[in-house]
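Remarks on the overall topology
Listed below, chain by chain, are the residues.
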Amino acid sequence: MRAVVYDRYGPPEVQHLEDIERPVPKADEVLIKIRATSVTRTDCGVRAGEPFIVRLYFGLRRPKQRILGTELAGEVEAVGAAVTEFVVGDQVFGSTSAFKSGTHAEFICMPESAPLARKPAGMTFDEAAAVTDGVVLALMCLEAAGISKGQRILVYGASGAIGTAGVQLARYFETDVTAVCNTKNLELVGSLGADRVIDYTAEDFTKNGETYDVIFDAVGKHSFSRCRGSLRRGGCYVATDGLRNLFLALWTSRIGDKKVLFPIPPHYTKKNVLFLKDLIEAGKYRAVIDRRYPLEEVVEATKYVETHQKTGNVVLTVIGT
Ligand SMILES: NC(=O)c1ccc[n+]([C@@H]2O[C@H](COP(=O)([O-])OP(=O)(O)OC[C@H]3O[C@@H](n4cnc5c(N)ncnc54)[C@H](OP(=O)(O)O)[C@@H]3O)[C@@H](O)[C@H]2O)c1
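Predicted model only: the values in this text are computed from it and were never measured.

With respect to the sheet that holds strand β11 (residues 212–217)
The strand order β10-β9-β8-β11-β12-β13 describes an open sheet built from six strands, whose pairing is parallel. Looking at which strands have only one partner, the edges of the open sheet turn out to be β10 (196–199) and β13 (259–261). Strand-to-strand twist in this sheet, taken as the mean axis angle between neighbours without regard to direction, amounts to 20°. With three bridges joining them, strand β12 (residues 231–239) and β13 adopt parallel strand pairing. Paired with Cys236 across the bridge in β13 is Lys259. Along the sheet face, helix α4 (residues 132–144) touches β8 (152–156), β11, β12 and β13 and points at about 150° away from the line of β11.

This is the structure in structure tokens:
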């Protein structure tokens, strides 16, 4: 099968296509023919081996897993003898488990207990390959913040993969949602269900006098020190990036009435994927896709993701849909 492999940490060009052996499912595994996958910021960090801490999980000197990619949508090609949930031909979507990758390839074997479910009705493979990562990460952050109906939440970086998921989930949880993004994404972000959208090129939300129960920094470009004045008493700033936030989380857990939360590592579970499937089928969640690239253009796709300018998600089409 064709797969994108890499054998050393480095720039996007360390990735290349190679013909490798197709995996064979063990008794509890399904073999999936991958139709579409994605390039995420996680893939980019792992490939670069940065921050250094990722090497503790993925290999100190060189990557232990040769194939990147965590999200997928495809068809079950074969099942192991003990598999009961899926049959050959099922259309599925989901993600590998945390610290596992391998979807930038034509086939992958996954345990049937992995974060995998039948593809939502009416959704294309491209769309189904571009929903899991953002939702799992945003859900983890919103749950850590304990969001509940009626709270005021601000989603900063609302146009990214995690941000577009954060806005839609915050809406689903019936909070009052203020989203912050650049001018070009105002309309899109409004259409995802934000009650109001602030253009950060025209207005600094920390200076308009509004306060929130939760400030969700979905893109890792803001900071607790800059936005603490916009938090209500007992409110929290939820981070997605920046190791300093680990220390701040520890510090504010003991001192002060405004907290920093930095929930890591993410937990990718079947329960999350089934929750997402239900949301999509109920019309309460949709995929936001910026660009699509064929598998062989993975280097170009990666370079685009590394501009930090993508809107939502970047899809890699693997086998024509
Ligand atoms: N905690 C975890 O386990 C975990 C896992 C994966 C990723 N992450 C981190 O989570 C963060 C978000 O990931 P993602 O995939 O959602 O990001 P992303 O999709 O790459 O975010 C890109 C979006 O952010 C917007 N943006 C860029 N700079 C901005 C700024 N200064 N203010 C507001 N918006 C800005 C961009 O639009 P404009 O430039 O047009 O505004 C673009 O739409 C990253 O820092 C990533 O490293 C965390």
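There is more to say, and it comes next.
Some words on the site of the ligand
Within the structure, the ligand sits among 23 residues, and Tyr156, Ser159, Tyr200, Asp241 and Lys310 are positioned closest to it. The separation between an oxygen atom of the ligand and a polar main-chain atom of Ile162 is 2.8 Å. Within the backbone of Thr240, one N or O atom sits 3.2 Å away from a nitrogen atom of the ligand. Its free accessible area being 920 Å², the ligand has 90% of it covered by the protein chains. Among the secondary structure elements, those contributing two or more residues to the shell around the ligand are α1 (41–48) and α5 (161–172).

Some thoughts on the packing of aromatic side chains
Scanning all chains against the criterion turns up seven aromatic pairs. Seen in terms of ring centroids, Tyr57 and Phe99 are 4.1 Å apart; in terms of plane orientation they differ by 10°. Their pairing is stacked. Of the two residues, Tyr57 sits in helix α2 (residues 54–58) while Phe99 sits in the loop between β5 (91–95) and β6 (107–111), which places them 42 residues apart along the sequence. Classification of Tyr57 as partly exposed rests on a relative accessible area of 45%. Residues Tyr172 and Phe173 carry aromatic rings whose centres are separated by 5.2 Å and whose planes lie at 65° to one another, so their mutual orientation is edge-to-face. Residue Tyr172 is classed as partly exposed on the basis of its relative accessible area of 32%. The rings of Tyr57, Phe58 and Phe99 are connected pair by pair, giving a single aromatic cluster. Taking NZ or CZ as reference, Lys119 lies 4.8 Å from the ring centre of Phe125, over its face.

Details of the nonpolar core
By size, the foremost hydrophobic cluster in this structure holds 48 residues, and its most contacted members are Phe93, Val131, Ile153, Val155, Val167, Phe216 and Tyr285. Elements represented by at least two residues in this core include exactly α3 (125–128), α4, β8, α5, β9 (176–181), β11, β12 and α9 (270–281). The element that contributes the greatest number of residues to this core is α4, accounting for eight residues. With sequence-adjacent residues up to four places away left out, Ile153 is seen in contact with Leu142, Ile147, Ala170, Thr175, Asp176, Val177, Thr178, Tyr212, Val214 and Phe216. Judged by nonpolar contacts, the second largest core, of 25 residues, contains Val30, Leu72, Leu116 and Tyr304.

Concerning the pairing of β8
Note on strand geometry: in a regular strand, side chains alternate between the two faces of the sheet. Within β8, five of the five residues are buried, leaving the element largely enclosed by the surrounding structure. Of the two faces of β8, the one lined by Arg152, Leu154 and Tyr156 and the one lined by Ile153 and Val155 are each fully buried. Between the parallel elements β8 and β9, the chain passes through α5 in a crossover that is right-handed. Pairing of β8 with β11 involves four bridges; the strand directions are parallel. Residue pairing in the sheet places Leu154 in a bridge with Ile215 of β11.

Brief notes about the pattern of salt bridges
Counted according to the given criterion, the structure contains 22 salt bridges. Among the salt bridges present, the one from Arg35 reaches Glu75, with a minimum N-O distance of 3.2 Å. Taken together, the residues span a long stretch of sequence, with Arg35 in strand β3 (residues 29–39) and Glu75 in strand β4 (residues 71–79) at a distance of 40 residues. Measuring nitrogen to oxygen at the nearest pair gives 2.8 Å for the salt bridge that ties Glu306 to Arg47. Pair noted here: Glu306 is in the loop between α10 (298–305) and β15 (313–317) and Arg47 is in helix α1, with a separation of 259 residues, a long-range link. Here Arg47 falls in the buried class, since its relative accessible area comes to 2%. A single network of salt bridges, built from pairs that share partners, joins Arg152, Asp176, Arg196 and Glu210.

Quick notes on the pairing of β11
Most of β11 is tucked away, with six of its six residues classed as buried. Two strands pair when backbone bridges link them, and β11 and β12 are joined in this way by five bridges, in the parallel orientation. Each bridged residue has a counterpart across the sheet, and for Tyr212 the counterpart in β12 is Leu231.

A word on the packing of α4 against α5
Put simply, α4 and α5 touch, their axes get as near as 8 Å, and they point 60° apart. Between α4 and α5, the crossing angle belongs to the class labelled oblique. α5 is crossed by α4, and the crossing has right-handed handedness. Judged by residue contacts, Gly134, Val135, Leu137, Ala138, Leu139 and Leu142 of α4 engage Ala161, Ile162, Ala165, Gly166, Leu169 and Ala170 from α5. Among the residues making up the contact of α4 with α5, the classes are represented as ten nonpolar, two polar and no charged.

Thresholds applied
- Residues numbered from 1 in each chain as written.
- Predicted model: local features only at pLDDT ≥ 70, side-chain atom pairs only at ≥ 80, totals over all residues.
- Heavy atoms only, no water.
- Pairing = 2+ DSSP bridges.
- Helix = DSSP H or I, 4+ residues; strand = E, 2+ residues; numbered from the N terminus.
- Axes fitted to C-alpha atoms, helices over the stretch in contact; angles between N-to-C directions.
- Contact = heavy atoms within 4.5 Å.
- Near = heavy atom within 4 Å.
- Polar contact = N/O pair within 3.5 Å; in protein donor to acceptor, adjacent residues only side chain to side chain.
- Areas by Shrake-Rupley, 256 points an atom, 1.4 Å probe, with all protein chains shown as cover.
- Phe/Tyr/Trp six-rings, centres within 6.5 Å; stacked < 30°, edge-to-face > 60°.
- Buried < 20%, exposed > 50% of the residue type's maximum accessible area, 1.4 Å probe, protein only.
- Lys NZ or Arg CZ within 6 Å of the ring centre and 35° of its normal.
- Core = buried A, V, L, I, M, F, W, Y, C linked by side-chain atoms within 4.5 Å.
- Right-handed = clockwise from strand over helix to strand, strands pointing away.
- Salt bridge = Lys/Arg side-chain N within 4 Å of Asp/Glu carboxyl O.
- Parallel < 35°, antiparallel > 145°, perpendicular 65-115°, else oblique.
- Left-handed = near helix turned anticlockwise from the far one by under 90°.
- Nonpolar A, V, L, I, M, F, W, Y, C, P; charged D, E, K, R; others polar.

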